[in-house]
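Residue-level listing of the chains:
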2 protein chains.
Amino acid sequence: MPRIVIIGGSDAGTSAALRAREVDPGCEVTVVLADAFPSFSVCGIPFFISREVEDWRRLAHRSTAELAAAGLELMPETRAVALDIAGRRVTVSGRHGERALPFDRALVATGAVPVAPPIDGLRRPGVFFVRTMGDCLALDGFIEAHHPGRALILGGGYLGLEMADALARRGLEVAVLELGPTTMRSLDRPFAERLERELGRHGVTVRTGTRVTAIRSDGDGLAAIDADGGEHRGDLVLAVTGARPETALAEAAGLPLAQGGALAVDRRMRTPAPGILAAGDCARTWNALTADWSYQPLGTVAHKQGRVAGEILAGGDRVFAGALGTQVVKVFDRVAARTGLREDEARACGFTPVSHDSVADDHKAYYPQATPLTIRLVASRPDGRLLGAQMLGAYGAEIAKRIDVLATAIHHGATLPQIEDLDLSYTPPLGSPWDPVQSAAQALEARLRWD
Amino acid sequence: MPRIVIIGGSDAGTSAALRAREVDPGCEVTVVLADAFPSFSVCGIPFFISREVEDWRRLAHRSTAELAAAGLELMPETRAVALDIAGRRVTVSGRHGERALPFDRALVATGAVPVAPPIDGLRRPGVFFVRTMGDCLALDGFIEAHHPGRALILGGGYLGLEMADALARRGLEVAVLELGPTTMRSLDRPFAERLERELGRHGVTVRTGTRVTAIRSDGDGLAAIDADGGEHRGDLVLAVTGARPETALAEAAGLPLAQGGALAVDRRMRTPAPGILAAGDCARTWNALTADWSYQPLGTVAHKQGRVAGEILAGGDRVFAGALGTQVVKVFDRVAARTGLREDEARACGFTPVSHDSVADDHKAYYPQATPLTIRLVASRPDGRLLGAQMLGAYGAEIAKRIDVLATAIHHGATLPQIEDLDLSYTPPLGSPWDPVQSAAQALEARLRWD
């Protein structure tokens, strides 16, 4: 009866715990959870803040009762303070003081923490991070108590844009301040700019190329001061400038770091220490396309790595197939998605990429409510293998699952002709005889052939 | 400068013509078209009859001007009356009498015609087929002129159900009479029955196990008499009991028939006669999953076969990868889709299949308007290769593109673990960390493993 201790009860930790019990119902699984919110969908935070979701309790992927029914022992509001690899125990500290949990195998699933940018005043009241349910409830409580009128969002990544949407829906006047030349640097500039225009249409101000150096407060709320001396006023500030792996515990235990400061693991999520695994936002991620390590702190990846880890913890075998960098974001009525590599990323990885933009309706134009999709495909020369895709269009235009068709194709190493060959579904209200992803592949293939 | 004659200007013929000109802009392409509607989306007919599409002219995939601009010579309202293979010419008959078109290569793309079931009185006024734009305009004209109150639909395939939806939207009282035990025999019974309930919710009567033997007319309209002596009254009758390949011209020219009475072709769409190709609903279809020939008269297949044929006609090379039987149908607010093989089909093809039903929300339940998807997956033992999928849920739940993710996986020979491994997109309004297609694969894999 192997004793398994899992440090962290978010996506990776919970997935691993459930999978371990599934694979070997005899194993004893304890999940050490720093806060009181096991298995919460932190990706759902913007939708609670926007009040599209009315009750934050609904953000749980699974209830505590469901986790208990699966045979997990949950230790909420308990911090792991030391991992003793040689001694096979984790020291935890919680409501009832410190105790040691002996284990046969352990998983480090400590997640990520917000990057704290070099900005003076980030700890002032009214400045919030958005990472945990605690952060979420603190922000929500502040809004309820103080009825702020204006919000400043530092950082224009997907979380920054989702929070801009959320706070604007909640009635706040919102400005996004982004250091770089565009928001959403995981997308090419024209795609990011269209999301910015969508924000603008809904009253959100986006200021790119704006390096905030300090947050000040006075009688009229908060002010973000930028490097050019500009002042941006708000009643609350969100700092959403990215995340970095939370590895303090693992580092103190002697586990080595790798890409992006994340824990070094193999594709079975094993650290170099026997029986000690790591998964989720604290661990590095195998990229299936570049066949190399990367850092991709995303819920989808955490769930998959967690499931692999759970299998290994329970004595089974499974290899993490790797991520492709697939992502989708909804900003008001627009959806943007990507998978694989952008052209610049492909070039940096040693490919000889070529890309092409196509525009096609999501379904036959004669059927009501057809909307255009913009699709940028990247393929490698001379073999025509699909390397990446970006797509943008209206909410409701099946963009998420269209990027998934392409992610599936990339996963299998498909070439452009193979994408044209796919037998995809068609009815006029939901597509075209050639789906837009196929006409995009045809257009890029023509370019590859004739260039 | 090769002279190419294409007999038929619907999906396969037009695709082939355009592709031939693309591959070799020097070739001379003549398209002989029996009616006046080149490149029309006959799949769009139900949506014009329903008046969701107001102008039938919008059903053209491409306008006559666009086809001319691509360098095609169109001969509308012209019938090919003889194909002289040895003499390399097609005799056509049109407004200006008969003439011979010499060719170097020719494509037979004569499509399909409705199956005329053994029913007495099928040629009475008020009885319509639904295959061509001529049929469509005749039906529409009848409705406009006579304001029929009741429609009988003979046949509960996807066209029968789409037309039931269409005529009900147009304000008619509709009954579907189906010979077999369920409608939509391309789906398993529980899926078909849910579409029938959807029709019922919208006032459409569905009578399965009903063999109509005669159509009679009297002062009060038409009556369909069934084999049990039952009488079903209507003011118009649609006979939509399937389609068969239109091969009269090709047979007279000596070309051999194969599966389902369709023309024998290889995967380059070549008939046994040198330089004579066939594509679309008149030709047989390679099934990529069973690696065998079949008959699949669908627009998606016709477009793909046409494109391959166009490449070959122009002197290029391309092989038809094969169809998987992917289909989607929208009936009022429900969408049902399939790809690959049902369990019974898989067994008949020599596989040892196992199937499992899963239900999962289309996106996170906490985000508004989540709706359940029912997914039935079929995999082979013992290798766990995905063989087929059926899916049913609400319109708007991205079902078409989810079946396409699975069609893409099947195309590449994916196993269930490989589907779980896919890096699919996620944001709470548009999915789950494990997409429903992945949780369905997990559930079936568990069954495979433990059965």
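Counting starts from 1 at the beginning of each chain's written sequence and moves along it residue by residue. Lettering of chains starts at A and numbering of ligands starts at 1, both following the order in which they are written. In keeping with the model being predicted, local features are shown solely for residues with a pLDDT of at least 70 and side-chain atom pairs are shown and tallied solely at 80 or more, while totals for entire chains, interfaces and linings include all residues. Only hydrogens and water are set aside when side-chain values are computed; all heavy atoms of the structure are taken into account.

Undergrad: Just checking my understanding: could you explain the relation of the copies chain B and chain A for this structure?
TA: One copy of the chain maps onto the other through a rotation about an axis followed by a shift along the same axis. Copy-to-copy superposition: least squares on the C-alpha atoms, limited to residues that have pLDDT of at least 70 in both copies. The transform that puts chain B on chain A rotates by 180° and translates by 0.0 Å along the axis, for an RMSD of 0.0 Å. Seen this way, the second copy is the image of the first under a two-fold rotation axis. Relative to the rotation axis, the closest C-alpha in chain B is found at Val405 of chain B, a distance of 2.3 Å. The fraction of interface residues of chain B whose copies in chain A are also interface residues reaches 100%, indicating that both copies meet through the same surface. In what follows, residue pairs with any heavy atoms lying within 4.5 Å of each other are defined as contacts.

Undergrad: Could you clarify how one ought to interpret the sheet that holds strand 14 (residues 221-226) of chain A in this entry?
TA: The strands that make up a sheet are held in pairs by hydrogen bonds between backbone atoms, and each pair lies either parallel or antiparallel. Residue and element names in this part refer to chain A. When DSSP finds two or more bridges between two strands, those strands count as paired. Segments assigned H or I by DSSP are reported as helices when at least four residues long, segments assigned E as strands when at least two residues long, and all are numbered from the N terminus. Taken in spatial order, the three strands of this open sheet run 13-14-15, and their pairing is antiparallel. Looking at strand neighbours, the two that pair on one side only are strand 13 (212-218) and strand 15 (231-234), the edges of this open sheet. When the angles between neighbouring strand axes are averaged without regard to direction, this sheet yields 25°. Sheet topology places strand 14 next to strand 15; four bridges connect them, and they run antiparallel. Bridge assignment links Ala223 to a residue of strand 15, and that residue is Arg233. Helix axes are fitted only over the stretch in contact, all axes being lines through C-alpha atoms; the angle between N-to-C directions runs from 0 to 180 degrees.

Undergrad: I tried to follow helix 10 (residues 399-411) of chain B on my own but got confused; where do I start?
TA: One full turn of an α-helix is made of 3.6 residues, so residues set three or four places apart face in the same direction. In a helix, the anticipated span is given by 1.5 Å times the number of residues less one. When the terminal C-alpha atoms of helix 10 of chain B are compared, their 18 Å separation across 13 residues agrees well with the 18 Å that a helix rising 1.5 Å per residue should span. Using a 1.4 Å probe on the protein chains alone, a residue whose accessible area is under 20% of its type maximum counts as buried, one over 50% counts as exposed, and one in between counts as partly exposed. Judged by how many residues are buried, helix 10 of chain B sits mostly within the fold: 13 of 13 residues are covered.

Undergrad: What should I look at first to understand the pattern of salt bridges in this one?
TA: Where charged atoms from two side chains of opposite charge come close, those side chains can pair. A pairing counts as a salt bridge when a side-chain nitrogen of Lys or Arg comes within 4 Å of a carboxyl oxygen of Asp or Glu. Considering all chains together, one arrives at 78 salt bridges over all chains under this definition. In this structure, the salt-bridge partner of Glu144 of chain A is Arg51 of chain A, at a minimum N-O distance of 3.7 Å. Of the two residues, Glu144 of chain A sits in helix 4 (residues 133-146) while Arg51 of chain A sits in the loop between helix 2 (45-49) and helix 3 (64-69), which places them 93 residues apart along the sequence. Under the relative-accessibility criterion, Glu144 of chain A is labelled partly exposed at 45%. By relative accessible area, Arg51 of chain A is classed as partly exposed at 29%. In this structure, Arg342 of chain B engages Glu345 of chain B in a salt bridge whose closest nitrogen and oxygen atoms are separated by 3.5 Å. Because the salt bridges share partners, they merge into one network encompassing Arg19, Glu22, Arg307, Glu311 and Arg318 of chain A together with Glu420, Asp421, Glu445 and Arg449 of chain B.

Undergrad: Is there a simple way to explain the packing of aromatic side chains in this structure?
TA: For any pair of aromatic rings, geometry is given as the distance between the ring centres together with the angle between the planes. Planes of paired rings set the category: under 30 degrees apart is stacked, over 60 is edge-to-face and the rest tilted, where pairs are Phe, Tyr or Trp rings (Trp by its six-membered ring) whose centres lie within 6.5 Å. This model, assessed by the stated rule, comprises 12 aromatic pairs over all chains. Their ring planes at 70° and their centres at 5.4 Å tell us that Phe37 of chain A and Phe40 of chain A sit as a pair that is edge-to-face. With relative accessibility at 9%, the residue Phe40 of chain A sits in the buried group. Joined through ring pairs, the aromatic side chains of Phe37, Phe40 and Trp56 of chain A make up one cluster. The aromatic ring of Trp434 of chain A is capped on one face by Arg307 of chain B, whose charged end is 5.7 Å from the ring centroid. We call a charge positioned over a ring when the NZ of a Lys or the CZ of an Arg lies within 6 Å of the ring centre and within 35 degrees of the ring normal.

Undergrad: So what exactly am I meant to see when it comes to the pairing of strand 4 (residues 79-84) of chain A here?
TA: Consecutive residues of a regular strand have side chains that alternate between opposite faces of the sheet. All names here are of chain A. Across five bridges, the pairing between strand 4 and strand 5 (residues 89-94) is antiparallel. Bridged to Leu83 within strand 5 is Val90. The loop that links strand 4 with its antiparallel partner strand 5 comprises four residues; one of these, Arg88, has a positive phi angle of about 55°.

Undergrad: What is the right way to read the environment of Leu377 of chain A from this model?
TA: All names here are of chain A. Position of Leu377 relative to the elements: it lies in strand 24 (residues 372-380). Separated by 178 residues in the primary sequence, Leu377 and Leu199 place their C-alpha atoms 25 Å from one another. The contact partners of Leu377, leaving out residues within four places of it in the chain, are Val354, Ser355, His356, Leu386, Gly388, Ala389, Leu406, Leu416, Val437, Ala440, Ala441 and Leu444.

Undergrad: Whenever I open this one, the interface of chain B and chain A confuses me. Can you help?
TA: Often, the extent of an interface is quoted as the loss of accessible area on bringing the components together. Taken together, the 70 residues of chain B in the interface contact 70 residues of chain A. Between chain B and chain A, the buried area comes to about 6400 Å², and carbon and sulfur atoms account for 57% of it. On inspection of chain B and its partner chain A, the count reaches 10 salt bridges. A salt bridge links Glu420 of chain B to Arg318 of chain A; its shortest N-O distance comes to 3.4 Å. By buried area we mean how much accessible surface two parts lose on assembly, using a 1.4 Å probe and totalling the loss over both.

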